[in-house]
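# Breakdown of the fold
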Amino acid sequence: MKTLTLASVAFTAAVFVSAPVRAADDPAAPYPPFKIADQLYYVGANDYSSYLIVTKAGLIVIDGGDKPVGPQVVANIKALGFDPKKIKVLLSTHQHFDHAAGLAAIRRAAAPDVKFYASAKDGAIIAAGGRGDPFLKGDRFTYEPVKPDVIVKDGDKVRLGGMTLTAHVTAGHTPGCTTWTFPVTVAGKTRQALDFCSASVLPGYKLGKTETYPGQTADYEKTFATLKTLPCEVFVAAHGSFFDMHAKKAKLDAGQTDAFVDPDGCKAFFDKAEAAFRAELKKQNP
């Protein structure tokens, strides 16, 4: 469970620990942007992820990190040589502050006609600036609201400039957690990319007979069933630690152009996440 544990530690440190952390351990620390595939770039922070997709008709950005990361995303897009004013589509994986608090800064830097897409349940919480989350309560977890322009349902398509992304509502971690799949080109070959929301069970979540939100356990069950059916060759996610970003970036820098092509790692991560969920469910419901 090494990868899952690292992700949990990063989130827990950011959410529940007020002591300072070293920059190397800070999930919001600046991180140099880089190319993953011909259409896909990493523009997020040390662990809080954000992705840039380049199309013939403009730019797509997925997630904004927390509040300090939003401006970093904009700066990273510029550093890659792209104009943030050409961001036409802004997408969300989920409404937790470490992925949604930076969206407002990105939206301000984007094209005047940018459209923000989110699921109904998580979109309502983003529109309320994090208020209404069934678990994370208090000012620490709130942020500048961003109202969705378009509500996406499971299976909906978002299209721009020849690129099509498919929304998959993979709830449980949040009521409207959304995983995105889309094609990219790696070393001249079309691959199916998957940007995974999350299926982590946060410390304090209630499952089974008593739930953090009604239907949460069934949501997790449906999510793990769904994940088994989704194409996942280029594996990325809402946290860099989910997909061993730093190790893969080192391979990329060493000349391995397909370093992020990892269907086996994707499957293994989903299997470990499901095992962790089932262990916690059993612990709470002996």
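Throughout what follows, the structure given in this document is the object of discussion. These numbers come from a predicted model, not from an experiment.

Let us now look at the sheet that holds strand β4 (residues 58-62). The 7 strands are arranged β1-β2-β3-β4-β5-β6-β7 in an open sheet whose pairing can be described as mixed. Only two strands of the sheet have a single partner each, and these edge strands are β1 (34-35) and β7 (150-152). Bridge analysis of strand β6 (residues 115-119) against β7 gives 3 bridges, and the strand direction is parallel. Pairing of S119 across the sheet is with V152, part of β7.

Taking burial as the measure, the 5 residues of strand β5 (residues 87-91) include 4 buried ones, the bulk of the element. As defined by bridge partners, β4 adjoins β5 across 4 bridges and the pair is classed as parallel. Bridge pairing links V61 to L90 in β5. Handedness of the crossover joining β4 and β5 through helix α2 (residues 69-79) is recorded here as right-handed. In this sheet, β6 lies alongside β5 in parallel orientation, the contact comprising 3 bridges. What sits directly across from L91, in β6, is Y117.

What follows is about the packing of aromatic side chains. According to the stated counting rule, one finds 19 aromatic pairs in the structure shown. Ring centres 6.2 Å apart and planes at 65° place the aromatic pair F235 and F243 in the edge-to-face group. A single burial state applies to F235 and to F243, both of which are buried. Consider the rings of F243 and F260, whose centres lie 6.2 Å apart with planes at 55°: the pair is tilted. Separated by 17 residues along the polypeptide, F243 in the loop between β12 (234-237) and α7 (245-253) and F260 in the loop between α7 and α8 (263-284) bring together distant segments of the chain. Classification of F260 by relative accessible area gives buried; the value is 2%. The structure contains a cluster of three or more aromatic residues connected by ring pairs, namely Y31, F34, Y42, Y51, F196, F235, F242, F243, F260, F269 and F270. Positioned above the aromatic ring of F34, the side-chain terminus of K249 is 5.3 Å from the ring centre.

Along the chain, the position of L59 falls in strand β4. Of the residues examined, L59 reaches a relative accessible area of 4% and is grouped as buried. With 52 residues separating them in the primary sequence, L59 and A111 have C-alpha atoms 9.4 Å apart. Not counting residues within four places of it along the chain, the set of residues in contact with L59 comprises L52, I53, V54, I77, F82, D83, K86, I87, K88, V89 and L160.

We now examine helix α5 (residues 120-127). Residues D122, G123, I125 and I126 constitute the buried set of α5. Buried residues in α5, looked at end-on, bunch into an arc of 160°, giving them a common side. Of the surrounding elements, those touching the buried residues of α5 are α3 (97-100), α4 (103-109) and β6. At the C-terminal side of α5, G129 shows a positive phi close to 65°.

Quick look at the state of the cysteines now. Overall, the coordinates contain 2 disulfides when judged by the stated rule. Here C232 is linked by a disulfide to C266, with a sulfur-sulfur distance of 2.1 Å. In this structure, the disulfide formed by C232 and C266 twists by about 110° around the S-S bond and is classed as right-handed. Taken together, the residues C232 in the loop between α6 (216-227) and β12 and C266 in helix α8 connect sequence positions 34 residues apart. The same class applies to C232 and to C266, which are both buried. Numbered by position along the chain, the disulfide-linked cysteines of the protein chain connect as 1-2, 3-4.

Conventions used here
- Residues numbered from 1 in each chain as written.
- Predicted model: local features only at pLDDT ≥ 70, side-chain atom pairs only at ≥ 80, totals over all residues.
- Heavy atoms only, no water.
- Pairing = 2+ DSSP bridges.
- Helix = DSSP H or I, 4+ residues; strand = E, 2+ residues; numbered from the N terminus.
- Buried < 20%, exposed > 50% of the residue type's maximum accessible area, 1.4 Å probe, protein only.
- Right-handed = clockwise from strand over helix to strand, strands pointing away.
- Phe/Tyr/Trp six-rings, centres within 6.5 Å; stacked < 30°, edge-to-face > 60°.
- Lys NZ or Arg CZ within 6 Å of the ring centre and 35° of its normal.
- Contact = heavy atoms within 4.5 Å.
- Arc of directions from axis to C-beta.
- Disulfide = S-S within 2.5 Å.

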